[in-house]
Amino acid sequence: MQTLKTEENLSPEKSYTREDWQGGYKSLTQEYDYWIDDVEGQIPPELQGTLFRNGPGLLDINGQSIHHPFDGDGMISRISFANGRAHFRNRFIRTEGYLAEQKAGKILHRGVFGTQKPGGWLANIFDFKIKNIANTNVIYWGGKLLALWEAAEPHQLDPNTLETLGKEYFDGVLSTGEAFSAHPRFDPSCNQDGGAPCLVNFSIKPGLSTTITIFELNPEGKVVRKHAHSVPGFCFIHDFVITPNYCIFFQNPVTFNPIPLALGIRAAGECIKFQPNQPTQIIVIPRHTQTGIKILETQAGFVFHHANAFEVDNEIVIDSICYETLPEVEPESDFRQVNFEAISP
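Quick caveat, the model's predicted, so the values are computed rather than measured.

Colleague: Account for unusual backbone geometry, naming residues and giving values.
Modeller: The residue Asn 62 is not glycine, and still its phi comes out positive at about 55°. Here Asn 62 is to be found in the loop between β3 (60-61) and β4 (64-65). Given the relative accessible area of 65%, Asn 62 is considered exposed. Of note in the backbone geometry, Asp 171 takes a positive phi value of approximately 55° without being a glycine. Along the chain, Asp 171 falls in the loop between β10 (164-167) and β11 (185-187).

Structure, rendered in structure tokens:
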């Protein structure tokens, strides 16, 4: 891992203002359904298909602000291309938590990244119930459109209307509330399946030791392989990468203190602390055998997302985005006032 230094005088004049970016941190309460007529140039008639996007669309409940965008309710946007035209539709995912809070008109759940129920610590003490916000990713696999959030099961949506159809358990492979990561990986030619494509995903169950469960799904959306592995220590892992033979995870050097969470003082994400004097561990798990896990060490850094991984002879090459430290969520901060220029690149 290397830290790249940039020369300030080489930076071009910015084409945006801080207020531009802050404007993106507002709720989009409307749900739309319309043909896009304001087009510069021409949409190629050969362009056919649909682009789905997921992200937090609701950042307040009846005027009560959530603490961090990552706690916002998921909203799917869809742009469909056909015959030289484009159509837009967006819709909130009707999770149990979304429906309950819309009915109540107030925040009913604590958020992982700092959102608390109104009423101070007395209203939040010993409340460990997690709201499945389904806000991180959306995939189309096995004939199903799935909205993903890494701490719980997916939600299935109608690809045309974006109606929420219910939770997806993959024929009982997932149990109620079981995690299914928001960043699955696509293997276009799986060694185990005679070259057929498959989808690879994982879940994390952290504790004093952490269980990493790996799922592999065939093109019909059936889980054809599932195996769990225990690794020492508390893991905070958001993404992973695959090669034909391995799943690779970066175990960031962090600690988790659950006491402020239990006492209703802090949310889970505010109880994670980066440990700069501890190494980052790279966990290499073979995809096609239950043995042979290797844990490698490198200098301290924090990885949210990876770009790519591949094998060259006997080496694994990984392209990742590494931060010098974890950008911590401050308890009294306001994400709408973020000074983006002051944040480390």
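Back to the write-up after that little detour.
Colleague: For the pattern of salt bridges, give the residues involved together with the corresponding values.
Modeller: A complete count under the given rule lists 16 salt bridges for this structure. Two residues, Asp 171 and Lys 222, come together in a salt bridge whose shortest N-O distance is 2.6 Å. Residue Asp 171 is located in the loop between β10 and β11, and its partner Lys 222 is located in the loop between β13 (209-217) and β14 (223-232); the two are separated by 51 residues in the primary sequence. Sharing partners across several salt bridges, the network here consists of Asp 187, Asp 193, Glu 216, Arg 225 and Arg 287.

Colleague: If you had to explain the pairing of strand β16 (residues 246-251) to someone new, which residues and values would you point to?
Modeller: With five of six residues buried, β16 is to be regarded as a mostly interior element. Where strand β15 (residues 241-242) meets β16, two bridges bridge the pair, whose relative direction is antiparallel. Across the sheet, the residue bridging to Val 241 is Ile 248, located in β16. The hairpin formed by β15 and β16 contains three residues between the paired strands. Note that β16 and strand β19 (residues 280-286) share six bridges and pair antiparallel. When the sheet's bridge partners are listed, Phe 249 is paired in β19 with Ile 283.

Calculation rules
Residues numbered from 1 in each chain as written. Predicted model: local features only at pLDDT ≥ 70, side-chain atom pairs only at ≥ 80, totals over all residues. Heavy atoms only, no water. Helix = DSSP H or I, 4+ residues; strand = E, 2+ residues; numbered from the N terminus. Buried < 20%, exposed > 50% of the residue type's maximum accessible area, 1.4 Å probe, protein only. Salt bridge = Lys/Arg side-chain N within 4 Å of Asp/Glu carboxyl O. Pairing = 2+ DSSP bridges.

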